[in-house]
Amino acid sequence: MHESIQVKNITKTYDKVIALNSINFEVEKGELFGLIGPDGAGKTTLLRILTSLLVPDSGEAFMNGYHVVKDYKTIRNIAGYMPGRFSLYQDLTVEENLEFFATTFGTTISENYDLIKDIYIQIEPFKTRLAGRLSGGMKQKLALSCALIHKPEILVLDEPTTGVDAVSRKEFWEMLIRLKNQGITIIVSTPYMDEAGMCDRVALMQKGDILQIDTPEDIAGQFAKKVFAVKAENVYNLLRDIQAFEHTHSVYPFGEYLHYISKTTSNIKEELSNYLDSKNHKSVKIMTVKPDIEDCFMELMTKTVNNGE
Amino acid sequence: MENRGVVIQARNMVKKFGHFTANDNLNFDVYKGEIFGFLGANGAGKTTAIRILCGLSAPTSGKITVAGYDVHRQTESIKKNIGYMSQKFTLYDNLTVWENIRFYAGIYGMKLSAIKVKTDRLMKNLDLEHARDKRIASLPLGWKQKLAFSVAIFHDPKIVFLDEPTGGVDPITRRQFWDMIYETAHSGITVFVTTHYMDEAEYCDRVSIMVDGRIDALDTPAKLKKNYKAKTMNDVFLKLARGENVCPDSYRELNS
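First, a word on scope: everything that follows refers to the structure included in this document. Keep in mind the model is a prediction, meaning the values are calculated, not measured.

Remarks on the overall build of chain B
Then, in step 1: Counting secondary structure elements, chain B contains 10 helices and 10 strands.
Then, in step 2: Over its C-alpha trace chain B gives a radius of gyration of 19 Å, about what one expects of a compact globule, namely 18 Å for 256 residues.
Then, in step 3: Dimensions along the principal axes, computed over C-alpha positions, put chain B at roughly 55 × 40 × 35 Å.
Then, in step 4: Going through the 256 residues of chain B one by one, you find that 56% of them count as buried.
Then, in step 5: Summed over its atoms, the accessible surface of chain B is roughly 11700 Å², and 50% of this surface lies on carbon and sulfur atoms.
Then, in step 6: Separation between the mean location of the 36 positive side-chain charges and that of the 29 negative ones in chain B comes to 4 Å.

Let's talk about the pattern of salt bridges
Then, in step 1: Evaluation of the coordinates by the stated rule reveals 28 salt bridges over all chains.
Then, in step 2: Put simply, Glu 76 of chain B and Lys 79 of chain B hold a salt bridge, and the shortest N to O gap is 3.2 Å. Within this pair, Glu 76 of chain B and its partner Lys 79 of chain B are both found in helix α2 (residues 75-81), separated by three residues, close to a single helical turn.
Then, in step 3: A salt bridge links Arg 175 of chain B to Asp 199 of chain B, with the shortest nitrogen-to-oxygen separation between them at 4.0 Å. Residue Arg 175 of chain B is found in helix α6 (residues 171-186), and its partner Asp 199 of chain B is found in helix α7 (residues 198-201); the two are separated by 24 residues along the sequence.
Then, in step 4: The network of salt bridges with shared partners includes Glu 294 of chain A together with Arg 174, Arg 175, Asp 199 and Glu 200 of chain B.

Here's the deal with empty space enclosed by the protein
Then, in step 1: Enumeration according to the criterion identifies two cavities of 30 Å³ or more in this entry.
Then, in step 2: Within this model, the largest cavity holds a volume of roughly 80 Å³.
Then, in step 3: Surrounding the largest cavity, Thr 162, Gly 163, Pro 191 and Tyr 192 of chain A together with Gln 87, Glu 164, Thr 166, Gly 167, Gly 168, Thr 195, His 196 and Tyr 197 of chain B form its lining.
Then, in step 4: Looking at the lining of the largest cavity, its residues break down into three nonpolar, eight polar and one charged.

Points about the interface of chain A and chain B
Then, in step 1: Counting from both sides, the interface comprises 29 residues of chain A and, opposite them, 30 residues of chain B.
Then, in step 2: Across the interface of chain A and chain B, roughly 2500 Å² is buried in total on both sides, 60% from carbon and sulfur atoms.
Then, in step 3: For the pair chain A and chain B, the number of links is five salt bridges.
Then, in step 4: Arg 174 of chain B serves as the salt-bridge partner of Glu 294 of chain A, at 2.6 Å between the closest nitrogen and oxygen.
Then, in step 5: Summed over the shared surface of chain A and chain B, the result is 12 residue pairs in polar contact (both at pLDDT 80 or more).
Then, in step 6: No other element matches the seven residues that helix α6 (residues 166-181) of chain A contributes to the side of chain A that touches chain B.
Then, in step 7: A breakdown of the residues in the side of chain A that touches chain B according to their chemical character gives 15 nonpolar, five polar and nine charged.

Concerning the sheet that holds strand β4 (residues 61-66) of chain B
Residues and elements named next belong to chain B.
Then, in step 1: Taken in spatial order, the four strands line up as β2-β1-β4-β5 in an open sheet, and their pairing is antiparallel. Strand pairing shows two members of the sheet lacking a second neighbour, β2 (20-31) and β5 (69-70), which therefore form its edges.
Then, in step 2: In terms of strand pairing, strand β1 (residues 6-17) meets β2 through nine bridges, oriented antiparallel. In the sheet register, Val 14 faces β2, and the bridge partner there is Asp 24.

As for the sheet that holds strand β7 (residues 154-158) of chain A
Through backbone hydrogen bonds, the strands of a sheet pair up, either in parallel or in antiparallel fashion.
All names here are of chain A.
Then, in step 1: Here we have six strands laid out as an open sheet, ordered β6-β7-β8-β3-β9-β10, and mixed in their pairing. Of all strands in the sheet, those bounded by a partner on one side alone are β6 (79-82) and β10 (209-214). Ignoring which end each strand starts from, the neighbouring axes of this sheet average 15° apart.
Then, in step 2: Two elements, strand β9 (residues 201-206) and β10, share five bridges in a ladder whose sense is antiparallel. From the neighbouring strand, Val 202 faces β10, where its bridge partner is Asp 214.

Thresholds, definitions, all that
- Residues numbered from 1 in each chain as written.
- Chains lettered and ligands numbered in written order.
- Predicted model: local features only at pLDDT ≥ 70, side-chain atom pairs only at ≥ 80, totals over all residues.
- Heavy atoms only, no water.
- Helix = DSSP H or I, 4+ residues; strand = E, 2+ residues; numbered from the N terminus.
- Rg over C-alpha atoms; globule rule 2.2 N^0.38 Å.
- Buried < 20%, exposed > 50% of the residue type's maximum accessible area, 1.4 Å probe, protein only.
- Areas by Shrake-Rupley, 256 points an atom, 1.4 Å probe, with all protein chains shown as cover.
- Lys, Arg positive; Asp, Glu negative; His and termini not counted.
- Charge placed at Lys NZ, Arg CZ, Asp CG, Glu CD.
- Salt bridge = Lys/Arg side-chain N within 4 Å of Asp/Glu carboxyl O.
- 1 Å grid on protein atoms, 1.4 Å probe; cavity = no way out; pocket = protein on both sides within 12 Å on 5 of 7 lines; lining within 4 Å.
- Points joined across faces, edges and corners; volume = space filled by probe spheres on them.
- Nonpolar A, V, L, I, M, F, W, Y, C, P; charged D, E, K, R; others polar.
- Contact = heavy atoms within 4.5 Å.
- Buried area = accessible area lost by both parts, 1.4 Å probe.
- Polar contact = N/O pair within 3.5 Å; in protein donor to acceptor, adjacent residues only side chain to side chain.
- Pairing = 2+ DSSP bridges.
- Axes fitted to C-alpha atoms, helices over the stretch in contact; angles between N-to-C directions.

Right, dumping it as structure tokens:
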């Protein structure tokens, strides 16, 4: 069997809100799979169903062949779950938390120390500190250690990098890639689009739907429109002027540049350049760029909105 | 920009908790109508500094004024002249849009007649006239964030503090939110903002980066990238916060 996670027509509603709208996808063994989307996309609901903590309205899901509803006891042994909110015991020390989780799963810290060594070693100097008094980055490392201590086959991580600074985020992804290389299947959710590039494959999610599933490279590669990066002295006026330009399909700030997509297909650069000259913009720079995941996500978002109307 | 007037001035700002120094001699000015990015790793001391600047916590030492008022003695005047919004605390879910506005504006001492007139205008601008009597809980996150920001600047403060205002929102709403920030700054209100999105650091007029309680860099995004030989603000941040690079000479001279 190659599929580690199978999700078939999973639907979940809360009152009238559709949290998941007939979701389908598979994750292969040893894959690092990302669920990318903003708050309200359905990421947490999906991960809670996979870890047997929520029951879907309809549809089925399997983790390493086990049914997430019928085989919930097995699911809890083979999955390691790191919830979005910090949910360790704040009034236990670092070491006590880890021991608690190990004991609950009938194992010991020493038995699986190899698996968590890389991560735990960074917080071990603080092992007598209460978990509630750790910094954000350290809490995150402890939570990951606790999710790993029973040597799970599948690691389920709900927004582990939300609210975490850019340095700690980078370190966290480096840890995940090392775990993946040890053969653990990982499914991880994030609202940060730039983290898509760290995953083998990603599902872009929005309001209970999967907009697209593919490798990050192929999602960007399939983007049909040309993207131009534009810069000028006064970025504020530049944005306003391009928004008012008749050929504009979309224009959004992307760091120090604006990303511009035209309704037309030829002479795009010349048309825009002439227009910006006529608006007296200075030091104008226009160049083609490869679309990134955020370009793709926004394009897919607007498409869905338009179809819905 | 220096001519526009200083709205925040910090000189030798120090905050100690026992033996731990959370803010280690901070020196900086923030100007009127500026978008000032306040970056740093978790635990670098950003929250401590913001609490002092909002008049919620007294510094251990230093001469600091916010909107012209002293943070040691005039905290109530500071609170009246600033706005604040964070991702965690925004509006009351169980109150309607109108009730929230009336509540906040009332706290700041605005007259009911003035609140009514301004609310009408705001509802029109945000295209939210239909939602005026809806409870906040029923609105999508993007709308809540935009509304929370509008409420934070409803009393025309001199400065608005935004603490990770865009966490978790979708990429289009995130950009619409920054549109509002630009407009606010253009209208003369200073925007003091923290974020973990490094592309947003590029949208700021100037950016400061805190490392271990100190401000290790403060400049325009363009100059920071040049000084640290970095392509993006993300690279600048990683270099500074990971300690892969010491301060460039230019900044060291400034502070010696």
